[in-house]
2 protein chains.
Amino acid sequence: MAISYNLCRRHGYSISRLLSRRGISKSSATSSDGAEVDLSHPAFMIWGANTGVGKTLVSAGLAASVLCDSQSSAKPIPSQFLYLKPVQTGFPRDSDSRFVHRKVSELFRNWNSSHIGLQASNHVLKVSVPASEEMPGVEVLEGASDGLRDLWFYEERRVGGLDYDGDDSKLLCKTMYAWKEPISPHLAVEKEMGAVQDSVLLQSLKELIASAFSKTIDRTWCVIETAGGVASPGPSGVLQCDLYRPFRLPGILVGDGRLGGISCTVSSYETLKLRGYDIVAIILEDHGLSNDNALLSYLRHKIPVLVMPHIPCDPSDDLMRWFFESRNVFICLQNLMYAAYMKRVDRLRHMASKAGEILWWPFTQHKLVSSETVTVIDSRLGEHFSVHKVVGVHDFIVPQFDACASWWTQGPDATLQIELARETGYATSRYGHVMFPENVHEPALRCAELMLEGVGKGWASRVFFSDNGSTAIEIALKMGFRKFLADSGIHDTIAKNMDFRVLALRGSYHGDTLGAMEAQAPSTYTGFLQQPWYSGRGVFLDPPTAYISDGRWKISIPETLMCGREKTNDMCMQTGADFSSVKDLFSFQRGSSVLADGYLAYISEQLTKISGGGLSTVLGALIIEPVIHGAGGMQMVDPVFQRILVRECQARKIPVIFDEVFTGFWRLGRESAAELLGCQPDIACYAKLLTGGVVPLAATLAREEIFEAFYRDSKEEALLHGHSYSGHPVGCSVATKAIRWFKDTSTNPNLCVDGNGLKELWDEGLVQQVSSHFAVRRVVALGTLCAIELRAEGSDAGYASLYASSLIRILREDGVYMRSLGNVIYLMCGPCTSPDVCRAQLLKVYRALDRFIASQ
Amino acid sequence: MAISYNLCRRHGYSISRLLSRRGISKSSATSSDGAEVDLSHPAFMIWGANTGVGKTLVSAGLAASVLCDSQSSAKPIPSQFLYLKPVQTGFPRDSDSRFVHRKVSELFRNWNSSHIGLQASNHVLKVSVPASEEMPGVEVLEGASDGLRDLWFYEERRVGGLDYDGDDSKLLCKTMYAWKEPISPHLAVEKEMGAVQDSVLLQSLKELIASAFSKTIDRTWCVIETAGGVASPGPSGVLQCDLYRPFRLPGILVGDGRLGGISCTVSSYETLKLRGYDIVAIILEDHGLSNDNALLSYLRHKIPVLVMPHIPCDPSDDLMRWFFESRNVFICLQNLMYAAYMKRVDRLRHMASKAGEILWWPFTQHKLVSSETVTVIDSRLGEHFSVHKVVGVHDFIVPQFDACASWWTQGPDATLQIELARETGYATSRYGHVMFPENVHEPALRCAELMLEGVGKGWASRVFFSDNGSTAIEIALKMGFRKFLADSGIHDTIAKNMDFRVLALRGSYHGDTLGAMEAQAPSTYTGFLQQPWYSGRGVFLDPPTAYISDGRWKISIPETLMCGREKTNDMCMQTGADFSSVKDLFSFQRGSSVLADGYLAYISEQLTKISGGGLSTVLGALIIEPVIHGAGGMQMVDPVFQRILVRECQARKIPVIFDEVFTGFWRLGRESAAELLGCQPDIACYAKLLTGGVVPLAATLAREEIFEAFYRDSKEEALLHGHSYSGHPVGCSVATKAIRWFKDTSTNPNLCVDGNGLKELWDEGLVQQVSSHFAVRRVVALGTLCAIELRAEGSDAGYASLYASSLIRILREDGVYMRSLGNVIYLMCGPCTSPDVCRAQLLKVYRALDRFIASQ
């Protein structure tokens, strides 16, 4: 099956796969739906530091070199060289593929010393109407869409090899799209009404490469020559450096040897680096200015810089002499490129086993991981990884939807990712890192301002930065405890005999450092073997949960909450009640229900029991994950229960901490889960999506009253906690960018018109279908999350269960990279991910469920 | 006093201050040695996307607009416009300052509607010999150095304002350095033998701006027009975008309106962003290609893009008409620039108070911080911050040496900082962040490989990534404990009744999360008010310490170690012993001394006491900061004591953890402190300098035996600890770059020829002098650290003391940003910092000590 890029110009590209079967395919090579980049042979981009720097001459020289000068083995073998010019303007007067076709044929005639012949072809695929009219003798296939015509233009010649009866070498030159005016493609499109979607262009490009690579010629090369400079717009207006990014092919940069050319070359190189490209070599024309020396020195000799002889200006010169003089340069270039190609493939092949030898992965039993199951990630773009895959002896780079949003950190689409890249570069260069206490810098201040105007709006007045969720929680607990001590007047002398605890919900999780661990109920994670110092310093309540089953929202009430209470019967009745929409579930009207009264009675009783009766247990704070228990298995807590709990604690002056590390920044469809819940904490923690998913950064927000509990005369009473990279400028800069991006309707198409939340991302009908599937116990679909609990019994259920592993395998084959929490699987997208992409992933899951059941 | 940039081409610039008094100065404006950038008036760089894009026309148009079109007030007031062309080639045929001088005079004659006249001057300062010979009628001042001649060329004209008796407006045009050949400045220098050091160029530039800004003309502007493109080399070969970075002036980018110009403009913009510059507007010539539309769209309308009319090609055109048609564009540009200037100054002025309102700083008693003492950091470059300073009503940006290395994280010099910026941009674009467990990506794998070949060489085989020192320590403890349990065969059922502890040294510090806190002895940080859950789960030994006093290394032995032991007398004698060099102190021969025997006896006795006698206390691990207790006051522990302690623990199968969060990566002159100590841990933690000081990243390294204690059949026995950004690609990428940079002799000039360590960075004689100063109790100078404990008694001593605050104030005035640990102050540089810079800072400290004593 083939991949298609559904590129939206306004928001850059978000990749979606179409379930169409690939026509021209090496179909046996891979069973997944698309070998994105076939690494069987070298394929390179040819970039230019400007227009007119000689890209086409480099392509031609390289082609001639590969076809004539790469006979390292004793017995000559045929070669194949695919030259692609995706975008050509000024056509037919200018045709780079025609130039390469003709020149290389001539060069072959002169240079080839073996008996092998060359079949050289030039093929022009689609042209604008005005361009087609410039070729009166050429047949045009009508019926073209978007103002582009299929041109039936094909020229071929055979050179040399007359006394040889083996296969010929092949030169395939193709112009994919051409327009008449010699201007930027996006303007030519406008003028000549011949538009091509980026997705279509990339799909064609992929098919052409696949077609050439599927031939049985061992020595095959492909180069794709761009138009103009690295950041010149393509036909849709998207810059070419962005347009071709999904392939992330390695590249050659044709530098500028003229006056000013050092600057253009350095800048172009940096633009490519800022898109995540690898540049194998720079090659430039000699203008007698020694630009190569300056470049070599600036690039610290890390990238080879080759120099071509000066190109004759006389248009009547057939360049044969120039090519001859350049021959060694192109041999050198070819060798550099081939070595880089081999090195990449070799490294990709060895990374998995090397990783198994020296890395120590978090949460991983290494004994259960074989190197075959290790995923080698070559890059990511937006919501997709590109992973290395070996099928037989062939290597591929294949895209996979990052369904776990890389531990719930990810939010950027492809366009935001590039913006964030520019931002990290800028912040590193402007600041690196600078000391934070008693200092201020723009990124930290702006980030704090945006948080207080956003997630902290209406309650928070202070921002304390740290590095990750776990540290943010430790800080929150210290804040909450101090406030409680200040309010309750407990001194440290009397307090030492108290059992100082935190109130929390069973099933919640707050991080892996000891202080955060103490706030969670005993579990696999907290056993003596894991952390001998853990004692479980919480009082843990059992919360009621909500979920979709058979298409309806339902509530499940734990026995501890139901039993021994007067209203048991009423409450039991309520559990039968269900809701047709998530809006009903969150409705404030539910606050006056019988169920709510039952919750209140339970909570009051528990709080009274703990603090009363002369016991020494003291509750210093309440900590909850609002709405969803993430690591605890994506359980939704009944919002009514959490609302009452918060209200009751605040009434008793127990500081309330919201752990929004997972839920913050649109994860559940609102900027904060507090907003969704409709009540405000005293302290809240954020991390993960805060930086848009680029680097670690965390923040603990607090009300001014919390801060004031530390505002004393002595330093000893300050909050003596800190981390070296507190408020680091790189993190705060990307956070600032991401926070704004997600809540701006001009960049986030998923925002509702009222600006208050994201529209539904998971197709409601499909969610209902999934929730009714035989294999499924419950579903929670909210914001960017769609979690599915599989029906499982006994040891198949729970966190340590490997029950879902075969389903995960099926989905990875199908291009969805998923991780499970025991028998709970989930899809997670970013705040800007298109609902179409979400639907496509969920559909894959739905279909995989059948195969999963069949395999049980 | 003035600042001079001591720029070294090979390693980019490292800024050093010369203690020379500034000639032309606004000397009363600031008492510190150098107002780096005077913000009294707008000053902008004019950058070009290429050569020949019209930078000089923009400069001229802007100058004319400022001088004629900015009379917003009712009563016209005189203006001053300083046009600087630091580097001119093709001189005297080409002279941009002459062009601006002439054109603006003419335009003023035509445009000026007020009664104010204009005095316009053009001044050429220094030219190469061949260039001077092209001006036969002009007097040349001989005696010039470096092949450059002082040219006595000055032309002036007065225009308009004849019936006006007030001050004239002024246009000052200056060419600072000129060469004859119309080629890149670095080539012209080579050819004409007229070199200028970057430091000298920047110093002259600064003086010229200061001189103009010191005049009493309210309306003053300055523009500095660069040569060629943004990344064209300056006279020394350093790219201009790097050359001018210390000023980090805001800029205008003159874009390229030609075919290919979108690419050049985008790339040039990105090159400037990658250097931390702010670009206020892009302006480009209209070539009928609507490049401005593409740029506006790509830059998301965040940066204004202005279009100038097409420039007449006819060389005989006097351009008067063109300027007239462009007049509104330049008014618009002027307004944009002025608004950006005002916005920047306004923001800088309000940041300190805003910070005090919404930030919550770590380790800070906010009540003790007034907004006047808050440092507003505008940027950093290498070892220096640029901070905002207000003197009277004037705003300045002033450099300060970051003497605390921003909480010991910093290592980069200016060149490395730019390299790291390119690296963060690349890694963000290539990966953003990707899921780590059971996955592998190049940055994490490479970073792990480099750590195992470096700091972990000879013992470690596994790398566990986390986010900061504190998390790395929690992980290390979990590793150590598990290994201990596995070795000792203690099951969790029997273990629950044991008092499970860690062996540690008093005075050590390991982080602020609860698990890390538990491993440190009770202190201000660990009190009930700070963390009610802290109980101090260590057994804490008192270590002997080493220091320099009166020019000699000495050892101090704590009473607990000395008392009650047979050899007390001998040991007491030993305390009198001292060492002439740090090499003697670390000598392995000391292992067979009487003192060492005493240490061994004490340690054995303690270990036996703890584990013997039927007590339930169990030591699960030893944790130490090797060589230096950082946060504990920069105390050096006698290396012999730590060596024996490690050996004895390892002999008893107690896993040994080195906390190298502070000491790792050359902080103490070796890549690891373990190397310096000469013994190997079982587990070690790294953070801070690991990323070169850019973003948080931590790693816990372990021996294979430690890893094997977790290598079991069940997931429950795996190390169930992790953080969302485990092994994040951005952090691992910069770490890879930094690790290589610091240990490569081609990038780190401080490496000894044997490659084993850094040469002495702190001048030995000066250190001895400081250690003999009346105000000083002890000094520890090792690697990048020079710590000084001030003599202080009672409440003046210890962490919470504010004793050093007046000394810190003196040093901040003198350009050294220092923080103290109570009565301990310290200077910390990077692994590549020039010893000259270190000496200059230490000299400032030495001098400040006298003033400090005098003020007591």
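Definitions and cut-offs
Residues numbered from 1 in each chain as written. Chains lettered and ligands numbered in written order. Predicted model: local features only at pLDDT ≥ 70, side-chain atom pairs only at ≥ 80, totals over all residues. Heavy atoms only, no water. Pairing = 2+ DSSP bridges. Helix = DSSP H or I, 4+ residues; strand = E, 2+ residues; numbered from the N terminus. Contact = heavy atoms within 4.5 Å. Axes fitted to C-alpha atoms, helices over the stretch in contact; angles between N-to-C directions. Expected span 1.5 Å × (residues − 1). Buried < 20%, exposed > 50% of the residue type's maximum accessible area, 1.4 Å probe, protein only. Polar contact = N/O pair within 3.5 Å; in protein donor to acceptor, adjacent residues only side chain to side chain. Salt bridge = Lys/Arg side-chain N within 4 Å of Asp/Glu carboxyl O. Buried area = accessible area lost by both parts, 1.4 Å probe. Core = buried A, V, L, I, M, F, W, Y, C linked by side-chain atoms within 4.5 Å. Phe/Tyr/Trp six-rings, centres within 6.5 Å; stacked < 30°, edge-to-face > 60°. Lys NZ or Arg CZ within 6 Å of the ring centre and 35° of its normal. Least-squares fit on C-alpha atoms with pLDDT ≥ 70 in both.

Visitor: Explain the sheet that holds strand 9 (residues 251–254) of chain A here, please?
Guide: By way of backbone hydrogen bonds, the strands of a sheet pair with one another, either parallel or antiparallel. All names here are of chain A. A sheet is described by the order of its strands in space; here ten strands give the open sequence 5-6-4-7-3-8-2-9-10-11, paired in mixed fashion. Edge positions in the sheet fall to strand 5 (140–141) and strand 11 (305–308), since each of these pairs with one other strand and no more. Judged from the four bridges that link them, strand 2 (residues 43–48) and strand 9 form a sheet pairing that is parallel. Along strand 9, the bridge assignment pairs M45 with G251. In this fold helix 7 (residues 261–273) packs onto strand 2, strand 9 and strand 10 (279–285), with an angle of close to 160° to the strand it touches most, strand 9.

Visitor: What am I meant to see in the sheet that holds strand 10 (residues 279–285) of chain B here?
Guide: All names here are of chain B. The ten strands are arranged 5-6-4-7-3-8-2-9-10-11 in an open sheet whose pairing can be described as mixed. Edge positions in the sheet fall to strand 5 (140–141) and strand 11 (305–308), since each of these pairs with one other strand and no more. Note: strand 2 (residues 43–48) against strand 8 (residues 219–225), four bridges, orientation parallel. Bridge pairing in strand 8 links M45 to I224.

Visitor: Honestly, helix 19 (residues 594–611) of chain A in this entry has me stumped. Any pointers?
Guide: At 3.6 residues per turn, the α-helix brings residues three or four places apart onto the same side. The end-to-end C-alpha distance of helix 19 of chain A, which contains 18 residues, comes to 26 Å, matching closely the 26 Å that a straight helix rising 1.5 Å per residue would cover. Within the sequence span of helix 19 of chain A, burial applies to L595(A), A596(A), G598(A), Y599(A), Y602(A), I603(A), S604(A), Q606(A), L607(A) and I610(A).

Visitor: Would you mind going over the environment of P185(B) with me for this structure?
Guide: Residues and elements named next belong to chain B. By secondary structure assignment, the location of P185 is in helix 4 (residues 185–192). For the pair formed by P185 and C832, sequence separation is 647 residues and the distance between their alpha carbons is 29 Å. In this structure P185 touches V87, T89, P233, G234 and P235, once residues within four positions along its chain are discounted.

Visitor: Would you mind going over the environment of Y534(B) with me for this structure?
Guide: Residues and elements named next belong to chain B. For Y534, the location among the structural elements is in the loop between helix 15 (514–518) and strand 18 (538–541). Take Y534: its relative accessible area is 12%, and that puts it in the buried class. Excluding residues that lie within four positions of it along the chain, Y534 makes contacts with L514, M517, E518, Q520, A521, P522 and T526. Here the side chain of Y534 touches Q520 through a polar contact of 2.5 Å, landing on its backbone oxygen.

Visitor: Honestly, the pattern of salt bridges in this entry has me stumped. Any pointers?
Guide: If the charged atoms of two oppositely charged side chains come close together, the side chains can form a pair. Evaluated as defined, the whole model comprises 91 salt bridges over all chains. Across the pair R349(B) and D395(B) runs a salt bridge whose closest N-O atoms are separated by 2.5 Å. With a gap of 46 residues between them, R349(B) in helix 9 (residues 320–358) and D395(B) in strand 14 (residues 394–402) connect regions that are remote in the sequence. Since its relative accessible area comes to 46%, R349(B) is described here as partly exposed. For the salt bridge of E648(B) with R647(B), the shortest nitrogen-to-oxygen distance reads 3.6 Å. One salt-bridge network, in which partners are shared between bridges, spans E270(A), R300(A), D242(B), R275(B), E419(B), R422(B), E423(B) and K737(B).

Visitor: Whenever I open this one, the pairing of strand 26 (residues 683–686) of chain A confuses me. Can you help?
Guide: Side-chain positions along a regular strand alternate between the two faces of the sheet. Residue and element names in this part refer to chain A. Taking every second residue as pointing to the same face, both faces of strand 26 are buried, with I683 and C685 on one and A684 and Y686 on the other. Sheet analysis places strand 25 (residues 656–659) next to strand 26, joined by three bridges and oriented parallel. Bridge pairing links I657 to I683 in strand 26. Two elements, strand 26 and strand 27 (residues 698–702), share four bridges in a ladder whose sense is antiparallel. In the strand pairing of strand 27, A684 is matched with L701.

Visitor: Would you mind showing me how to read the interface of chain B and chain A here?
Guide: Often the size quoted for an interface is simply the accessible area lost on bringing the parts together. If you look at the interface, chain B gives 177 residues, while chain A gives 177 residues. In total, chain B and chain A occlude about 16100 Å² of area from one another, counting both sides; carbon and sulfur atoms represent 60% of this. Between the two partners, chain B and chain A, sit 16 salt bridges. Between R430(B) and D378(A) there is a salt bridge, with the nearest N and O atoms lying 3.1 Å from each other. On the surface where chain B and chain A come into contact, there are 117 residue pairs in polar contact (both at pLDDT 80 or more). Of all the elements, helix 11 (residues 414–430) of chain B adds the most residues to the side of chain B that touches chain A, at 13 residues.

Visitor: Is there a simple way to explain the nonpolar core in this structure?
Guide: For soluble globular proteins, nonpolar side chains are generally found buried alongside one another. Among the nonpolar cores identified, the biggest contains 589 residues, and M451(A), F465(A), M634(A), M451(B), F465(B) and M634(B) are the most heavily contacted of them. If near-sequence neighbours (up to four positions away) are discounted, F465(B) is found in contact with L359(A), F436(B), A444(B), C447(B), A448(B), L697(B), A698(B), A699(B), S726(B), G727(B) and C732(B).

Visitor: I would appreciate a short explanation of the packing of aromatic side chains in the present structure.
Guide: Each aromatic ring pair is summarised here by two numbers: the centre-to-centre distance and the angle between the ring planes. Within the structure shown, the criterion is met by 54 aromatic pairs over all chains. Look at F363(B) and W407(B): their rings are 5.7 Å apart centre to centre, the planes differ by 90°, and that puts the pair in the edge-to-face class. Highlighted residues: F363(B) in the loop between helix 9 and strand 12 (375–381) and W407(B) in helix 10 (residues 405–408), separated in sequence by 44 residues. Comparing F363(B) with W407(B) shows no difference in burial state: the two are buried. One aromatic cluster is present, built from ring pairs that chain together W360(A), F464(B), F707(B), F710(B) and Y711(B). Seen from the ring of F707(A), R462(A) lies directly overhead, with NZ or CZ sitting 3.7 Å from the centre. The ring of F588(B) has R643(B) lying over it, and the distance from NZ or CZ to the ring centre is 4.0 Å.

Visitor: Honestly, the relation of the copies chain B and chain A in this entry has me stumped. Any pointers?
Guide: Mapping between the two chain copies consists of a rotation about an axis together with a translation along that axis. For the pair chain B and chain A, the relating rotation is 180°, the translation along its axis is 0.0 Å, and the fit reaches an RMSD of 0.1 Å. What the rotation and shift describe, once combined, is the action of a two-fold rotation axis. A symmetric contact is evident, with 100% of the interface residues of chain B recurring at the interface of chain A.

Visitor: Teacher, can you tell me more about helix 4 (residues 185–192) of chain A here?
Guide: Counted residue by residue, helix 4 of chain A has six buried out of eight residues, so it is predominantly covered. For helix 4 of chain A, the set of buried residues is P185(A), H186(A), L187(A), A188(A), V189(A) and E192(A). As for helix 4 of chain A, its buried residues are in contact with strand 3 (79–88), strand 4 (118–128) and helix 3 (129–133) of chain A together with helix 7 (261–273) and helix 8 (291–298) of chain B. Residue M193(A) follows helix 4 of chain A closely and has a positive phi angle near 60°.

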